[in-house]
Amino acid sequence: MLERELIVSNRLGLHARATARLVQALAPFQCNATLSAKGREVNAKSIMGVMLLAAGTGTPVVLRVDGKDEAAAMDAVVALFERRFDEDA
Amino acid sequence: MRWALTAHGASRGAALGRARLRLPHALHVDEQRIEDVEGEVSRLHAAIDSVREEMHTLRERLHGALVQEVGEFLDLHALLLDDPELLHGLDQLIRNDHYSADYALRLQRDRIAGVFGTMDDAYLRSRIDDIDQVIGRIHAALHSCDAELQGASGDILVAHDIAPAELAQLQSQGVLAVVTAAGSALSHSAILARSLHLPLIVGAADALLKINNGDVLVVDGGTGLIVREPRASDLREHRARLKEEARERKQLNRLRRVPSRTRDGADIKLWANAESLQDVAEAHALGSAGIGLYRTEFLFLQRNELPDEDEQFRAYRDVVLSMTGRPVTIRTLDLGADKADHTGLTLRDEPNPALGLRGIRLSLAHEALFVTQLRAIVRASGYGQVRILLPMISNREEVLTARDLLKRTTRDLRSEGYEIADFIALGAMIEVPAAAIALPGFITAVDFISIGTNDLMQYLLAADRNNEALGELYTPLHPAMLRLLHDVIRTAHRRDKPVAVCGEMAGDAALVPLLLALGLEELSLHPTTLLEVRRAIRDCDFAQLRAAVTKLLRCPDRAGIERWLGTVAVG
């Protein structure tokens, strides 16, 4: 299992569009993925789950991935957070 | 038993058919338990598969403006449909508690709504509407698997509300008309229904209570009349309406070849708004003066890379050629952050895209993108008359910067050996109130103007046209709107600059007298309403209307303006 803390740094936070990007980024991977923030843990592959976290900009979230392709999945999500969900030109 | 109601007609046309009810998404399903657990799970998944298929088909059918309006919510819905939490929860409710798929949907929906309801963020809280729509569609699919509900040909759909995406699909299934309990005549759905010629009645609050599946209905999308279980006299009236519609179509067809001239001999220029070559062909056949608004967004949508100069050039050239010498007004890219997904453009998400980087602002911020488009347009000018229209202009500087770029582009293309027109008119869309007010300061910098009344209304009245809670706040019949239009038209005419209106307002035959009274001599509208508007023009007396403008501008409210319209209406 891999675990890493990430900061939501895009301007709108984990709103519908950024959440959609996150879920789409994780979709190709087999591993389980969870995201936790503010004492709540949700399935990171569920758009409903991630929206329910209501993680605004600046919120630290913890991503846990567990499975055969966990490393690649972690890389994909970290890259997405670093690109601020492609919101910046 | 016969029952009748008059609601709001949103799209004209008469229909006679059987009612097909779609219940609101808040599911009223009673607790049901089942024995065959695996059968129920596969019934649910078959329904989900058919919804997925349905969304996929729908996406393929979308083109042009619909891609922007509908595409983003379809993406969200597709993800919700595959949501592991949603699906797992449903399976568990069936497997562990032996609930029916219907009841599991309802329980799961209520559970999710409960959690979403506690969220602080109003935007995220309102996503429950999307979840409701997805669950509602799964529920509907569960039942269309039942044989007796299959096939909707000849049906009149009665629903709480209808999404634009659903309308196109319903029509292809053979649905004759739609009646909704909610909705407004100004919504996107209503606009789409009119362009599809699908009769639509909105605001029929009691319809879902009074009408049952299979009831025979007569509806009239013009007057908003709905009759359940019609009597002989109702059927007679319906037949009369059909006859009237046929007669009107014939009469309109005769108007294809006549000038758009008022009774006292004033020629009004009727331009067409177009997006596809089909629109362009229709505009040509209807005898429009030219294309008054050619939207270019569709070239950029639903793809992950930008169209290059040659691709754009070919598209613009084909439009110019199709119009055989009549002018074609090409509007430069009018996108904002709300519509830029899948365009190859990466834009920052904006909390308020209507007030953000869009239209000319976006083009000037991405100069290479803008110059590529200008080059393509200018090259097309070698094949016929081309005009360029800049969207979302809010000040003089934007016009001057764009004009400089156009000058440079023209010079470059000439030196590269391209054959291009000697003169390409450059115009500004007037849709930001600031531009309308400051127009006297920059009217000399443009060759023509086009008033985009949809956005102008939204910004002037601080009313979003898609927000149904606002009801009739979004209306052209506001004194401020009329005064502003009057000022803009007068400013343009004083400087001998052509001015047209290109919003929905221009396509509403009932408003023709009002626009002519304000001094307008050019209208740009979708080809579907061109003949009706031409007929209205031919019934007007331009000089009399011009004389009545003082009275119009003195009207203090909507009621006054409507009374004014009543007094000038012809026979």
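Everything numeric here is computed off the predicted structure, so don't read it as measured data.

Conventions and cut-offs
Residues numbered from 1 in each chain as written. Chains lettered and ligands numbered in written order. Predicted model: local features only at pLDDT ≥ 70, side-chain atom pairs only at ≥ 80, totals over all residues. Helix = DSSP H or I, 4+ residues; strand = E, 2+ residues; numbered from the N terminus. Buried ≥ 20, exposed ≤ 12 C-beta atoms within 10 Å, placed from the backbone. Contact = placed C-beta atoms within 7 Å. Expected span 1.5 Å × (residues − 1). Pairing = 2+ DSSP bridges. Axes fitted to C-alpha atoms, helices over the stretch in contact; angles between N-to-C directions. Right-handed = clockwise from strand over helix to strand, strands pointing away. Nonpolar A, V, L, I, M, F, W, Y, C, P; charged D, E, K, R; others polar. Parallel < 35°, antiparallel > 145°, perpendicular 65-115°, else oblique. Left-handed = near helix turned anticlockwise from the far one by under 90°. Core = buried A, V, L, I, M, F, W, Y, C linked by C-beta atoms within 7 Å. pLDDT = per-residue confidence, 0-100.

(A) Layout of the overall build of chain A. When you go through chain A residue by residue, the secondary structure sums to three helices and four strands. The helix and strand sequence of chain A, counted from the amino end, reads β-α-β-β-α-β-α. The buried share of chain A, reckoned over its 89 residues, is 40%. Contacts in chain A between residues at least 24 apart in sequence constitute 70% of all its contacts with a sequence separation of at least 6.

(B) Structural context of helix α20 (residues 527-538) of chain B. Residues and elements named next belong to chain B. Given a rise of 1.5 Å per residue, twelve residues ought to cover 16 Å, and the 17 Å separating the end C-alpha atoms of α20 matches this to within 8%. Every buried residue of α20 is accounted for by Pro 527, Leu 530, Leu 531, Val 533, Arg 534, Ala 536 and Ile 537. Where α20 is buried, its residues meet α10 (232-254), β9 (269-274), α11 (277-285), α19 (512-517) and β16 (522-525).

(C) Inspection of the sheet that holds strand β1 (residues 3-6) of chain B at higher detail. Residue and element names in this part refer to chain B. The eight strands lie next to each other as β1-β8-β7-β3-β4-β5-β6-β2, forming an open sheet whose pairing is mixed. Of all the strands in the sheet, the pair left with one neighbour each is β1 and β2 (8-11). Recorded for the sheet is a direction-independent mean angle of 25° between the axes of neighbouring strands. The strands touched by α10 are β3 (14-22), β7 (216-220) and β8 (225-228); relative to β3, the strand with the most contacts, the crossing angle is about 115°.

(D) Region of the structure containing the pairing of strand β14 (residues 448-451) of chain B. All names here are of chain B. Going residue by residue along β14, you find Phe 448 and Ser 450 tucked away on one face and Ile 449 and Ile 451 tucked away on the opposite face as well. As judged from the four bridges shared by strand β13 (residues 425-430) and β14, these two strands associate in the parallel manner. When the bridges of β14 are listed, Gly 427 appears paired with Phe 448. Handedness of the crossover joining β13 and β14 through helix α16 (residues 433-442) is recorded here as right-handed.

(E) Structural context of the interface of chain A and chain B. Between chain A and chain B, the residue contacts involve 21 residues of the former and 22 residues of the latter. Listing elements by their share of the side of chain A that touches chain B, those giving two or more residues are α1 (16-26) and α2 (47-53) of chain A. The element best represented in the side of chain A that touches chain B is α2 of chain A, accounting for five residues. Taken together, the residues that form the side of chain A that touches chain B break down as ten nonpolar, five polar and six charged.

(F) Looking closely at the pairing of β3 of chain B. Pairing analysis gives five bridges linking β3 of chain B to β7 of chain B, with the strands arranged antiparallel. Counterpart to Ala 15 of chain B in the pairing with β7 of chain B is Val 219 of chain B.

(G) Summary view of the sheet that holds strand β3 (residues 40-43) of chain A. Residues and elements named next belong to chain A. Sheet architecture is open: four strands sit in the order β1-β4-β2-β3, paired in antiparallel fashion. Edge strands, defined here as strands with exactly one partner in the open sheet, are β1 (2-7) and β3. Within this sheet the neighbouring strands show an average axis-to-axis angle of 25°, counted without direction. Bridging between strand β2 (residues 32-37) and β3 involves four bridges; their strand directions are antiparallel.

(H) Region of interest: the environment of Leu 74 of chain B. Of note, Leu 74 of chain B is situated in helix α2 (residues 65-81). In the structure, Leu 74 of chain B is positioned 18 residues away from His 56 of chain B in sequence and 8.9 Å away in space, judged by C-alpha atoms.

(I) Geometry of the packing of helix α3 (residues 84-97) of chain B against helix α4 (residues 101-117) of chain B. Residue and element names in this part refer to chain B. α4 packs onto α3 with a crossing angle of 130° between their chain directions and a minimal axis gap of 9 Å. Classed by the angle they form, the pair α3 and α4 counts as oblique. As for how α3 packs across α4, the hand of that crossing is right-handed. For the pair formed by α3 and α4, the contact residues are Leu 86, Gly 89, Leu 90, Leu 93 and Ile 94 on the first element and Ala 101, Ala 104, Leu 105, Leu 107 and Gln 108 on the second.

(J) Here's a closer look at the nonpolar core. If you look at the biggest cluster of nonpolar residues, it comprises 84 residues, and the most contacted ones within it are Ile 291, Ile 430, Val 488, Leu 515 and Leu 523 of chain B. Residues Val 8 of chain A together with Leu 80, Ile 94 and Ile 135 of chain B belong to the second largest nonpolar core, which totals 54 residues.

(K) Representation of the environment of Pro 307 of chain B within the structure. All names here are of chain B. Of note, Pro 307 is situated in the loop between β10 (291-294) and α12 (309-322). Residue Pro 307 is classed as buried on the basis of its C-beta count, with 20 C-beta atoms lying within 10 Å. Measuring from C-alpha to C-alpha, the distance between Pro 307 and Gln 373 comes to 9.1 Å, with 66 residues separating the pair along the chain. Dropping the residues within four chain positions of it, Pro 307 is found in contact with Leu 299, Phe 300 and Gln 312.

(L) Representation of unusual backbone geometry. All names here are of chain B. Notably, Thr 324 is not glycine yet its phi reads approximately 40°, a positive angle. One non-glycine residue, Asp 496, lies in positive phi territory at about 60°. In this fold, Asp 496 is placed in the loop between α18 (479-494) and β15 (499-501).

(M) Looking closely at the environment of Lys 269 of chain B. Residues and elements named next belong to chain B. If you trace the backbone, Lys 269 turns up in strand β9. For Lys 269, a count of 16 C-beta atoms within 10 Å translates into the label partly exposed. Sequence separation of Lys 269 and Gly 292 is 23 residues, and the distance between their C-alpha atoms is 9.8 Å. Aside from chain neighbours lying at most four places away, what touches Lys 269 is Ala 289, Glu 521 and Glu 522.

(N) Structural context of α18 of chain B. All names here are of chain B. The terminal C-alpha atoms of α18, which comprises 16 residues, lie 22 Å apart, in line with the 22 Å expected from a rise of 1.5 Å per residue. Where α18 is concerned, the buried positions are Leu 482, Leu 484, Leu 485, Val 488, Ile 489, Thr 491 and Ala 492. Where α18 ends, the next residue or the one after it, Asp 496, has phi of about 60°, a positive value.

(O) Quick peek at the confidence of the model for chain B. Residue and element names in this part refer to chain B. On average, chain B scores 88 in pLDDT, and the residues at 70 or more come to 93%. In this model, residues 145-151 is a region of pLDDT below 50 whose contacts with residues beyond four sequence positions or in other chains number five contacts. Across the interface, the model reports ipTM at 0.86; the global pTM reads 0.63.

(P) Broad picture of the packing of α1 of chain A against helix α3 (residues 70-82) of chain A. Residues and elements named next belong to chain A. Direction vectors running N to C along α1 and α3 enclose 155°, while the axes themselves pass 9 Å from each other. On the basis of their axis angle, the class for α1 and α3 is roughly antiparallel. α1 and α3 meet at a crossing whose hand is right-handed. Here Arg 21, Leu 22, Ala 25 and Leu 26 of α1 lie close against α3, whose contacting residues are Ala 73, Ala 76, Val 77 and Leu 80.

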